[in-house]
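# Summary of structural features
Okay, here's what each chain looks like letter by letter:
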Amino acid sequence: MNSLPTINISYTPSIQAFIPILYVAWADRILTPTELDELKTLAEEATFISKEDKSTLRKWSNPRHPPSAALFKYWEIELQRAIAQFPEGKRPTLAEVGISLAKQAKEQQSLDTSDSVSIEQLYTFLHTLEEKLQQINVGTYFKLLPGHKVKTLAPAKSRVIKLQQLLDEAHHSTRRDMRILLCDPAFKRRIFRDKEAHRQQVLQWISLLSEQGLGSLAFPSEYGGEKDMGKYATVFEMLGYHDLSLAIKFGVQFGLFGGSVHQLGTERHHKKYLQALGAGKLLGCFAMTETGHGSNVRGLETTAVYDPANDTFIIHSPRYEAGKEYIGNALHAHMATVFAQLIVKGENHGVHALLVPIRNKNKRLLPGIKVEDNGYKMGLNGVDNGRIWFNNVVVPRENLLNRFGDVNSHGEYHSSIAKPAKRFFTMLGTLVGGRVCVPRAGLSAAKSGLTIAIKYSLKRRQFAPRLNEQETLLLDYPSHQRRLLPLLAKAYALHFGLEYLSDRFINHQGDDMREIETLAAGMKAYSTWYTTACLQECREACGGKGYLLENSFADLKADTDIFTTFEGDNTVLMQLVAKGVLSEFRNEFHEEGNLAILRYLSRQVEIAITQKNPFIIRNTGESHLTDPEFHLNAFAFRKSRLLYSLSQRMRALIKGGMNTYDAAMRCQTHMIALAEAYVEKIVLEQFQNKLLNTKASSIRPLLETLCHLYALHTIESHKGWYLENDYISGPKSKAIRRQVDQLCKEVRADAQLLVEAFSIPDNLLNTAIVEGTAIPS
């Protein structure tokens, strides 16, 4: 083992006195806003501490730069040494240990008491600081005390922890830090009736997140970041357990505005803007959508005309409907990334992005800029959405985000991508991160709803078999199990599916980006539709209690409803998915010719023999119905059959003289069914892959049951299609229904630990009806 590097141990008594408090404050590797404020304030008030010591304390209290492993180990050794000096059985306070360290430092350094800070002053100061930091992580401190015993966990709690570790596997430390951070008093949530108050609170929270360095996570290190998109996406997901207005404003500022500068700009933009942007000092917005054009980005009407006389671009909204619509951060932003038709020397080069200042340092709108508040919405009223129009606004040529297309000083347009269509889709492809992140925050909201509904159903009783007997728990009713537990299984399935999407996106290679864009569009639509349906069912499952504002469903439902239409309308996205799958199918036949045809025909024969033979179609045995191979075969058959039939149908329409657009219109619902089948197959594959790689024997059977439930409930939801296509018989369809009922009964026994594994702190659930329902340690 490598030894820790040596460090300076000649610290003054004042510094030594702070070590116990600093150690426990940093024990969870995060300094929350409340801890930071108290340390900063009291350090400034401690007039008896030297400037050099204050500088050291400020350095050690920077949330963006935790203490090194060597320094933290030094603190721990010093604490253990000081604690050993106290009588056995005594549990000294942090202030008392700090004073002990200060006295030892004085003795070791032979300091004259008249020349240094007094012990009495230090003790009073430390005692006050310790009282103000009551929520500090003292558990870590107690572990250092002699005789401390580690508590043995109950078996149920042990399984909760193993499940949580499995769910948190990717970026587990970031998830842990976010749980701690969002439970800090500075992030305490409250009910807002006024949108302005709500917006100001969200803006303040954005500042606190920036102070922690979270805004710049995806940016390169030279601009204050970590170049870690996975970590950024995890932060966004965790914000989904808090106020969703905060999640969305965070995404607009750092994901959309920041992402556009980072991904569409070049070094000149990065150097000028990224540092301030990531620190929350340059607020911006992402002005793409127009009143007249939402999903159809290529049809945007805003223009950016190059003016060769002044070497500038003129940004203009030609009519009311060309105004930018529903723009997040519009009321707070100083700058906008504006998507407009780029016109140079009379030639339209298609949609490009430009940075357009919209407010001055005094927060006043600049000439030619008009902004209107969108007003109150169904939800997310902490986000300042607005409309923006541009009236011949002039910006420098250098403000063009020129990664994929540029105009030189001679007024000549050039691009490394010759074809306009390819250039357009390449540009949009770099911004697909939004579709990766949004469903993750939506799933967090759904997990919150499931946790509330399932915990409530495990304490709420209704009706008894006979008089004077205990009433029945809601979750013991098969109908209630049917309402909630397939949704719980699907939450786990989507978690693994979205994890896979994130991994593919973060580690993508140039040639697989189109496939990832198809996957992101499908997962975003499938997952956010699930969130909407899940929260509605959870609300109903809580009855009138679920309708109360205090129990969170009002906000959860209202705030996530828009997820189905922003970052792309789900129905439109599913058509894009189908087109992507069709293109891949056609390319395979085009590139491999007769070989691809023979392979396809061979596969159809194999299916006829192994899956559609009379025995398999009628097999109702439990071992068959819970066989993962049967599940995956059924999902794959649905996808391939829909793909082939759609391809043949469109081919026939086009051969008959119909143009491609009209043929797609005729087959629109068929396309959406294919897209759904494509996504469901991927989600099941990822759930099964996770099972194969799960080593923990205590949770594997439970995960297998959940996976079976997701698969069979999905097949059951498509039973009409499977019956029409002779994949299952009528008796088998009934057997699947009975098996789903049985699986729900099995999952019910572990329902509480399954939702506790989401590890949503009570502070974030923010609901009255589930208090006191945690599994005891």
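Please read all numbers here as calculations on a predicted model, not as lab measurements. (Residues numbered from 1 in each chain as written. Predicted model: local features only at pLDDT ≥ 70, side-chain atom pairs only at ≥ 80, totals over all residues. Heavy atoms only, no water.)

## Some remarks on the side chain of Ser-216
Filter applied, for reference: Strands are runs of DSSP state E lasting at least two residues, helices are runs of H or I lasting at least four, and both sets are numbered from the N terminus onward. Under the scheme applied here, a residue whose accessible area is under 20% of the maximum for its type counts as buried, over 50% as exposed, and between as partly exposed, the area being computed with a 1.4 Å probe on protein chains only.
Of note, Ser-216 is situated in the loop between helix H10 (195-211) and helix H11 (229-239). Residue class for Ser-216 comes out buried when judged on its relative accessible area of 1%.

## Focus on the sheet that holds strand E8 (residues 386-390)
For sheets, the rule is that strands pair by backbone hydrogen bonds, running either parallel or antiparallel. How we decide: For two strands to count as paired, DSSP must find a minimum of two bridges between them. An axis is simply a line fitted to the C-alpha atoms; with a helix, the fit covers only the stretch in contact. Between two such axes, the angle follows the N-to-C directions and lies from 0 to 180 degrees.
Within the open sheet, the three strands sit side by side as E4-E8-E7. Their pairing is antiparallel. The two strands at the open ends of the sheet, each matched to only one other strand, are strand E4 (324-327) and strand E7 (369-373). Adjacent strand axes in the sheet meet at a mean angle of 25 degrees, parallel and antiparallel pairs treated alike. In this sheet, E8 lies alongside E7 in antiparallel orientation, the contact comprising five bridges. Within E8, the position partnered with Glu-372 by the bridge is Arg-387.

## Section: the pairing of strand E6 (residues 347-357)
In this sheet, E6 lies alongside strand E5 (residues 335-344) in antiparallel orientation, the contact comprising nine bridges. Counterpart to Thr-337 in the pairing with E6 is Leu-355. Where E5 folds back on E6, the antiparallel hairpin that results is connected by two residues, among which Lys-345 adopts a positive phi of roughly 55 degrees.

## A short note on empty space enclosed by the protein
Stated precisely, the cut-off is as follows: For cavity detection a 1 Å grid was placed over the protein atoms alone, and a set of points counts as a cavity when a 1.4 Å probe fits there but cannot get out; an open set counts as a pocket when protein lies on both sides within 12 Å along at least five of seven lines, with lining residues being those that have an atom within 4 Å of a point. Grid points are joined across faces, edges and corners, and a volume is the space filled by probe spheres set on the points.
Here the structure, examined in full by the defined rule, presents four cavities of 30 Å³ or more. By volume, the largest cavity amounts to about 90 Å³. Looking at the lining of the largest cavity, the elements that each hand over two or more residues are helix H15 (433-457), helix H19 (553-560) and helix H31 (762-765). Considering each element in turn, the lining of the largest cavity owes the most residues, three residues, to H19. Approximately 70 Å³ is the volume attributed to the second largest cavity.

## Comments concerning the nonpolar core
As a reminder, the rule being used: In this text, buried Ala, Val, Leu, Ile, Met, Phe, Trp, Tyr and Cys residues form a nonpolar core when linked through side-chain atoms within 4.5 Å. Contacts were defined at the residue level, with two residues in contact if any of their heavy atoms lie within 4.5 Å.
Grouped together as the largest cluster of nonpolar side chains are 167 residues, with contacts concentrated most on Phe-250, Phe-339, Ile-454, Leu-488 and Tyr-492. Those residues in contact with Leu-488, other than ones at most four positions away along the chain, are Leu-450, Ile-454, Val-747, Ala-751, Leu-754, Val-755 and Phe-758.

## Here's the deal with helix H2 (residues 33-45)
How we decide: A helix is expected to reach a length of 1.5 Å times the quantity of its residues less one.
Across its 13 residues, H2 extends 18 Å between first and last C-alpha, which sits within 8% of the 18 Å expected from 1.5 Å per residue. Within the sequence span of H2, burial applies to Pro-33, Glu-35, Leu-36, Leu-39, Leu-42 and Ala-43.

## Things to note about the packing of aromatic side chains
Worth spelling out the cut-off: By convention, a stacked pair of Phe, Tyr or Trp rings (six-membered ring in the case of Trp) has centres within 6.5 Å and planes under 30 degrees apart, an edge-to-face pair has planes over 60 apart, and any other such pair is tilted. Our definition puts a charge over a ring when NZ of Lys or CZ of Arg is within 6 Å of the ring centre and also within 35 degrees of the ring normal.
Applying the stated rule across the entire model yields 21 aromatic pairs. The interplanar angle of 25 degrees and the centroid separation of 6.2 Å between the aromatic rings of Phe-187 and Trp-205 together place this pair among those described as stacked. Of this pair, Phe-187 sits in the loop between helix H9 (172-182) and H10 while Trp-205 is found in helix H10, placing the two residues 18 residues apart along the sequence. The two residues Phe-187 and Trp-205 agree in class, both being buried. Through pairs of rings, three or more aromatic residues link up here, namely Tyr-11, Tyr-23, Trp-60, Phe-72, Tyr-74 and Trp-75. Stacked on the ring of Tyr-376, the Lys or Arg Lys-195 has its end atom at 5.4 Å from the ring centre. Between the NZ or CZ atom of Lys-370 and the centre of the ring of Trp-389, over which it lies, the distance is 5.0 Å.

## As for the environment of Gly-546
With respect to the secondary-structure elements, Gly-546 resides in helix H18 (residues 543-547). Look at Gly-546 and you get buried, because its relative accessible area is 2%. Along the chain, Gly-546 and Ala-218 lie 328 residues apart, while their C-alpha atoms are 38 Å from each other. If we ignore the near neighbours within four places in the chain, the residues touching Gly-546 are Arg-539 and Phe-553.

## Notes on a positive patch on the surface
For the record, the criterion: Here the term patch refers to residues with relative accessible area over 30% and no salt bridge, with like charges joined within 9 Å and nonpolar side chains (Val, Leu, Ile, Met, Phe, Trp, Tyr) within 5 Å. We get accessible surface area from the Shrake-Rupley algorithm with a probe of 1.4 Å; when it comes to residues, only the shown protein chains can shield them. Basic side-chain nitrogens of Lys or Arg form a salt bridge, by our definition, when they fall within 4 Å of a carboxyl oxygen of Asp or Glu. Charge assignment in this entry is limited to Lys and Arg as positive and Asp and Glu as negative, and neither His nor the chain termini are counted. In this description, the location of a charge corresponds to atom NZ of lysine, CZ of arginine, CG of aspartate or CD of glutamate.
Together, Lys-719, Lys-734, Arg-737 and Arg-738 make up a positively charged patch on the protein surface. A total of three residues in the positive patch trace back to one element, the largest contributor, which is helix H29 (residues 730-748). Topologically, Lys-719 is positioned in helix H28 (residues 719-724).

## Notes on the packing of H15 against helix H17 (residues 513-541)
How two helices pack is summed up by the angle between their axes together with the distance between the axes. Which entries qualify depends on this criterion: Oblique is the label for any angle not under 35 degrees, not over 145, and not in the 65 to 115 range, which are roughly parallel, roughly antiparallel and roughly perpendicular in turn. What makes a crossing left-handed is the near helix being turned counterclockwise from the far one by less than a right angle; a clockwise turn instead makes it right-handed. Residue type decides the class: Asp, Glu, Lys and Arg count as charged, Ala, Val, Leu, Ile, Met, Phe, Trp, Tyr, Cys and Pro as nonpolar, and the leftover types, Gly among them, as polar.
H17 packs onto H15 with a crossing angle of 20 degrees between their chain directions and a minimal axis gap of 9 Å. The angle between H15 and H17 falls in the class roughly parallel. Note on packing geometry: the crossing formed by H15 with H17 is left-handed. Contact residues: H15 offers Arg-435, Val-436, Val-438, Pro-439, Gly-442, Leu-443, Ala-445, Ala-446, Gly-449, Leu-450 and Ala-453, while H17 offers Ala-520, Ala-521, Met-523, Lys-524, Ser-527, Thr-528, Tyr-530, Thr-531, Cys-534, Leu-535 and Cys-538. Partitioned by chemical class, the residues of the contact of H15 with H17 number 15 nonpolar, five polar and two charged.

Honestly, that's just the spatial picture; any functional story needs more than this.
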